[in-house]
Amino acid sequence: MPIIYHERQQSALCGQHCLNNLLQGPYFDEIMLSDIAQELDRAELALMLEQGVTSDARRYMGEGSGNVADDGNFSVQVLAEGLRRGHGLSLDDTRRPEARATIANPKSENGFVLNRHSHWYCIRKISGQWWQINSTQQLPELLSETHLAVTLAQLNADNWTIFVVRGTMPVPLTSSCGLGDARNWVDTARPAADRIEEGGSTFGNAAAPKKPTFQAFTGAGQTLGGASVDEPKSGGSTPTTLSTRISPFPPASPLPPHLPSPHISPLHPHLLSPRIS
């Protein structure tokens, strides 16, 4: 049984927890993700102001950030950009026609990011096994390949938005690296006593994710693609490239020096897809 990195819920930082649990290490903090959110806010505003100071632009400026809330909840654009910059990964929305088949046949994938009611968590393959890693749960949950497909189908039916993670996942960090809170490293063979819930549940088939107890950000406001905030664009059409329209951005905060330091590149056209929160 592997040792798994599992951040538990703090405030409304489930987006941060989701990324770190997916990547299996403390790669992101709220400051780094907030920097990305502010870049996206400036990009969205610049696009709107191309049409002049319209009533929509004035309303947008008065609403505050559309990518991070005061309690720390982040939009899907922020999570996607963090994954792209740090690890060359992308999030593919399984509601798009070209990705729908993934839910029925997920075993060839390596990870999923899930969202509903402003809560984020992940499912990732680690050492050949599938684990559901949710910051609102005490322990990671082991899933068989058969149960993975059943779980994804049920989550889809329950109106969870499911993103498949595309690209090469980083090798999980180990507890011996000395990074992050030691309590976030879970020995799945011998979990700490404070991790085991009443009733003794450990690593059987995963239960349905608990609804968060906090009231998190729902993400109103304009999107870079100018589309509805609730549904993907019809037919999954490719939006206009942002990098040719807005330049430059201030440099984003680098990853901490003890972690891999990838090339930080401008915002990616993938972020022009509608906001889902």
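As a convention, each chain's residues are numbered from 1 in the sequence order in which they are written. Whole-chain, interface and lining totals are the exception, using all residues; otherwise, since this is a predicted model, local features are given only for residues with pLDDT of at least 70 and side-chain atom pairs are given and counted only at 80 or more. Each side-chain value is derived from all of the structure's non-hydrogen atoms; neither hydrogens nor water enter the calculation.

Draft legend 1. Structural view of the overall build of the protein. Broken down by element type, the protein carries 6 helices and 8 strands. Three exposure classes are used, based on accessible area relative to the maximum for each residue type with a 1.4 Å probe and protein chains only: buried under 20%, partly exposed in between, and exposed over 50%. Across the 277 residues that make up the protein, the buried fraction comes to 49%. The contact rule is simple, with two residues in contact once any of their heavy atoms fall within 4.5 Å. In the protein, once contacts between residues fewer than 6 apart in sequence are set aside, the share between residues at least 24 apart is 74%. Entry remark: accessible area of the protein is about 12700 Å², with carbon and sulfur atoms responsible for 51%. Where helices and strands are cited, they refer to DSSP runs of H or I of at least four residues and of E of at least two residues respectively, numbered from the N terminus. Here the open area of atoms and residues is found with the Shrake-Rupley method and a 1.4 Å probe, where only the protein chains shown may cover a residue.

Draft legend 2. Focus on unusual backbone geometry. Unlike most non-glycine residues, Gln-24 shows phi in positive territory, near 65 degrees. Topologically, Gln-24 is positioned in the loop between helix 1 (14-23) and helix 2 (30-49). Positive phi outside glycine occurs at Ser-118, with the angle close to 65 degrees.

Draft legend 3. Representation of helix 6 (residues 145-157) within the structure. For a helix, the expected span equals 1.5 Å multiplied by the residue count minus one. In a regular helix each residue adds 1.5 Å, so 13 residues correspond to 18 Å; helix 6 covers 19 Å between its end C-alpha atoms and thus fits that length. For helix 6, the complete set of buried residues consists of His-147, Leu-148, Thr-151, Leu-152 and Leu-155. For helix 6, the angular spread of buried residues about the axis comes to 135 degrees, placing them on one side. Opposite the buried face of helix 6, by more than 90 degrees, sit the exposed residues Thr-146, Val-150 and Ala-157. Contact partners of the buried residues in helix 6: helix 5 (101-104), strand 3 (111-116), strand 4 (119-126), strand 5 (129-133), strand 6 (141-143) and strand 7 (161-166). One or two residues past the end of helix 6 sits Asn-159, with phi positive at roughly 70 degrees. In this description, one arc is meant: the one made by directions from the helix axis to the C-beta atoms.

Draft legend 4. The arrangement of the sheet that holds strand 3 in detail. A sheet is described by the order of its strands in space; here 6 strands give the open sequence 2-7-3-4-5-6, paired in antiparallel fashion. Edge positions in the sheet fall to strand 2 (90-93) and strand 6, since each has one partner strand and no second. Between one strand and the next, the sheet's axes are offset by a mean angle of 30 degrees, whatever the strand orientation. Both strand 2 and strand 7 contribute to a ladder of 4 bridges, which runs antiparallel. Each bridged residue has a counterpart across the sheet, and for Leu-91 the counterpart in strand 7 is Val-165. Each pair of strands is called paired provided DSSP finds at least two bridges between the two strands. Fitting a line to C-alpha atoms yields each axis, with helices limited to the stretch in contact; the angle taken between N-to-C directions then spans 0 to 180 degrees.

Draft legend 5. Examining the packing of aromatic side chains more closely. Centres within 6.5 Å make a pair out of two Phe, Tyr or Trp rings, where for Trp the six-membered ring is used; the pair is then stacked when the planes are under 30 degrees apart, edge-to-face when over 60, and tilted otherwise. As enumerated under the stated definition, the model contains 4 aromatic pairs in all. Judged by centre distance (5.8 Å) and plane angle (40 degrees), the ring pair of Phe-112 and Trp-130 falls under tilted. Taken together, the positions of Phe-112 in strand 3 and Trp-130 in strand 5 put the pair 18 residues apart, joining distant regions of the chain. Classification of Phe-112 as buried rests on a relative accessible area of 0%.

Draft legend 6. Representation of the pairing of strand 4 in the model. In terms of residue burial, strand 4 counts as a mostly covered element, since 7 of its 8 residues are buried. Sheet topology note: the strand 3/strand 4 ladder contains 6 bridges and is antiparallel. Considered in strand 4, the bridge of Gly-111 is made with Arg-124. Once strand 3 ends, the chain turns through 2 residues before running back antiparallel as strand 4, passing His-117 with a positive phi of about 50 degrees. Pairing of strand 4 with strand 5, which is carried by 5 bridges, proceeds in the antiparallel orientation. Within strand 5, the residue paired with Lys-125 across the bridge is Trp-130. Between strand 4 and strand 5, which pair antiparallel and follow one another directly, the connecting turn spans 2 residues, one of which, Ser-127, has a positive phi of 55 degrees.

Remember, this is a structural readout, not a statement about activity or role.
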